[in-house]
Each structure stands twice: as structure tokens, then as C-alpha cells.
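# Examination of the molecular architecture
Listed below, chain by chain, are the residues.
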Amino acid sequence: QVQLVESGGGLVQAGGSLRLSCVASGRTFSAYAMGWFRQAPGKEREFVAQINWSGGNKYYADSVRGRFTISRDNAKNTVYLQMNSLKPEDTAVYYCAAPHQPWTYVAGLSSVGYWGQGTQVTVSS
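What this report covers is the structure whose coordinates are included nearby. (Residues numbered from 1 in each chain as written. Predicted model: local features only at pLDDT ≥ 70, side-chain atom pairs only at ≥ 80, totals over all residues. Heavy atoms only, no water.)

For the rest of this paragraph, the subject is the packing of aromatic side chains. Applying the stated criterion across every chain yields a total of six aromatic pairs. On the basis of an interplanar angle of 75° and a centroid distance of 5.2 Å, the ring pair of Phe37 and Trp115 is categorised as edge-to-face. In this pair, Phe37 sits in strand 4 (residues 34-39) while Trp115 sits in strand 10 (residues 112-115), placing the two residues 78 residues apart along the sequence. The buried category is assigned to Phe37, whose relative accessible area is 1%. Under the relative-accessibility criterion, Trp115 is labelled partly exposed at 31%. (Phe/Tyr/Trp six-rings, centres within 6.5 Å; stacked < 30°, edge-to-face > 60°. Helix = DSSP H or I, 4+ residues; strand = E, 2+ residues; numbered from the N terminus. Buried < 20%, exposed > 50% of the residue type's maximum accessible area, 1.4 Å probe, protein only.)

So, in C-alpha cells, the structure goes:
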């Protein structure tokens with residue numbers, strides 16, 4: 001089992017920044033790609049970003065590329081999402097995610113084996 005706990009959400013004005021953190025426990029963190037997803041009210045959960053097990057490969061949704069940065073610290077079992085130039089449309093609950101198996105990617109909702117509890121991000125205009 002992999003347990004994921006997010007933190008760092010909050011209320012911020014448009015143009016501001018937030019950094020989300022996700023601490024993982026359980027199996028070998030450094031063997032898992034990690035991802036961030038988000039779900040806005042009335043919308044489906046969507047992919048935001050992912051990072052591979054070493055941190056050498058990163059992928060972003062078009063809507064956040066250039067504004068968000070995903071990173072990880074394997075010594076701390078933690079993955080981060082630095083969010084800059086926030087927009088009201090970034091308002092959502094943000095979820096940390098890990099795949100079913102190590103050495104695989106979180107390519108979409110069906111590939112996620114473990115979810116965090118979510119953290120609310122609200123961007124005011």
C-alpha cells in the first residue's frame with residue numbers, strides 16, 4: 001500500500017503562487033512515478049502533471065505548462081507542485097496520485113492506483 005497526504009492548498013489572488021506538497025509512505029517511493037490531478041466543481045478530474053521515479057522526466061497538461069512545476073525529493077518521500085501565475089480557472093481540489101505498480105506512469109485516471117485526500121486551491125479574481 002501507498003499512503004499519500006497532500007498539503008499546501010489555500011486561497012490566493014490571481015497572479016499569485018502556491019506550492020503543494022505530497023508526502024508518501026508505504027512502499028519504495030523512489031520506484032514510483034508521481035502525478036497531480038485536479039477536479040473543479042461540476043467537472044471531471046483531470047491530469048495536471050507527472051514526474052518519473054528519478055525526476056528526470058516531467059509532463060504537463062497544456063493548461064498549466066509554463067506556469068506549474070512538478071518536482072520530487074526522494075530522500076523526503078515528497079513530491080511538489082509549484083504553481084505560479086495562478087488563474088481563477090485553476091480553482092479546484094488538487095490530488096496527488098501514484099500508479100498501481102512501480103516503474104509505470106500515471107497516464108490517466110485508470111492508471112492511478114493510489115490517491116491522496118485532496119487539497120483545495122481557490123484563486124480569486
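There is more to say, and it comes next.
Attention now goes to the state of the cysteines. Scanning the entire structure with this criterion turns up one disulfide. Between the sulfur atoms of Cys22 and its disulfide partner Cys96 the distance amounts to 2.1 Å. Its torsion about the S-S bond being -80°, the disulfide of Cys22 and Cys96 is classed as left-handed. Taken together, the residues Cys22 in strand 3 (residues 18-26) and Cys96 in strand 9 (residues 92-99) connect sequence positions 74 residues apart. As far as the burial class goes, Cys22 and Cys96 line up, both buried. (Disulfide = S-S within 2.5 Å.)

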